[in-house]
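# Observations on chain architecture
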Amino acid sequence: TRGLDTPLTTNLIAHNAGAPATSAERNSLFIRQQGRIITVQGDAVTALSLLTLTGTTAASINAASLDASALPAGVYLLRIATADGAESVRRLLLR
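The notes below deal with the structure included here. All values derive from a computational prediction rather than experimental measurement.

The rules behind the values
Residues numbered from 1 in each chain as written. Predicted model: local features only at pLDDT ≥ 70, side-chain atom pairs only at ≥ 80, totals over all residues. Heavy atoms only, no water. Helix = DSSP H or I, 4+ residues; strand = E, 2+ residues; numbered from the N terminus. Buried < 20%, exposed > 50% of the residue type's maximum accessible area, 1.4 Å probe, protein only. Contact = heavy atoms within 4.5 Å. Core = buried A, V, L, I, M, F, W, Y, C linked by side-chain atoms within 4.5 Å. Pairing = 2+ DSSP bridges. Polar contact = N/O pair within 3.5 Å; in protein donor to acceptor, adjacent residues only side chain to side chain.

### A short note on the overall build of the protein
Of regular secondary structure, the protein possesses 0 helices and 9 strands. Listing each helix as α and each strand as β along the protein from the N terminus yields β-β-β-β-β-β-β-β-β. Across the 95 residues that make up the protein, the buried fraction comes to 32%. Long-range contacts, defined here as pairs at least 24 residues apart, represent 48% of the contacts in the protein between residues at least 6 apart.

### Some words on the environment of T46
By secondary structure assignment, the location of T46 is in strand β5 (residues 45-51). The exposure class of T46 is partly exposed, given its relative accessible area of 35%. The spatial distance from the C-alpha of T46 to the C-alpha of S65 is 9.7 Å, given a sequence separation of 19 residues. Those residues in contact with T46 that lie beyond four places of it in its chain are I61, N62, A63, A81, T82 and A83.

### Observations concerning the nonpolar core
Ranked by internal contacts, the top residues of the largest apolar core, which has 16 residues, are I38, V40, L50, L78, I80 and L94. Those elements giving two or more residues to this core turn out to be β3 (27-34), β4 (37-41), β5, β8 (74-82) and β9 (86-94).

### Topic: the pairing of strand β6 (residues 57-61)
Bridge analysis of β5 against β6 gives 4 bridges, and the strand direction is antiparallel. Pairing of L48 across the sheet is with I61, part of β6. The loop that links β5 with its antiparallel partner β6 comprises 5 residues; one of these, G55, has a positive phi angle of about 95°.

### Structural notes on the side chain of T82
Residue placement: T82 occurs in strand β8. Residue classification places T82 among the buried residues on the basis of a relative accessible area of 7%.

### So, the side chain of S49
With respect to the element layout, S49 can be found in strand β5. Within the structure, S49 has its side chain in polar contact with the side chain of S60 (distance 3.2 Å). If we skip the residues at most four places from it in the chain, S49 touches A59, S60, L77, L78 and R79.

If you want it as C-alpha cells, here you go:
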C-alpha cells in the first residue's frame, strides 16, 4: 500500500485554453488520504469532486478537504480545481 502522503506532479489543463499547461503553469499537488478523509495540498486548491467511473458526481466540496465516509468502497476519480481555473483528475481507491 502507499503511504499517507502521495506527491503528484500534475500537468494541469486550463479550462479556457484546452491545451496542456506550460512548465510555468505546472502545479505540485499532494494528496493525503487518512481513512475516508481526502485532503489535497497545493497552490490555491478551491474545490474537490469525487466522480464514479461513469462520470456521476458522488461527492463535491468547495474546499481542499473532502469526507468520503458515506461512499461505498471502490475506484473513483478525484477532480481537483484550482483558483486559476485549472483542473486535474486522478484515480483514487477508497477501501
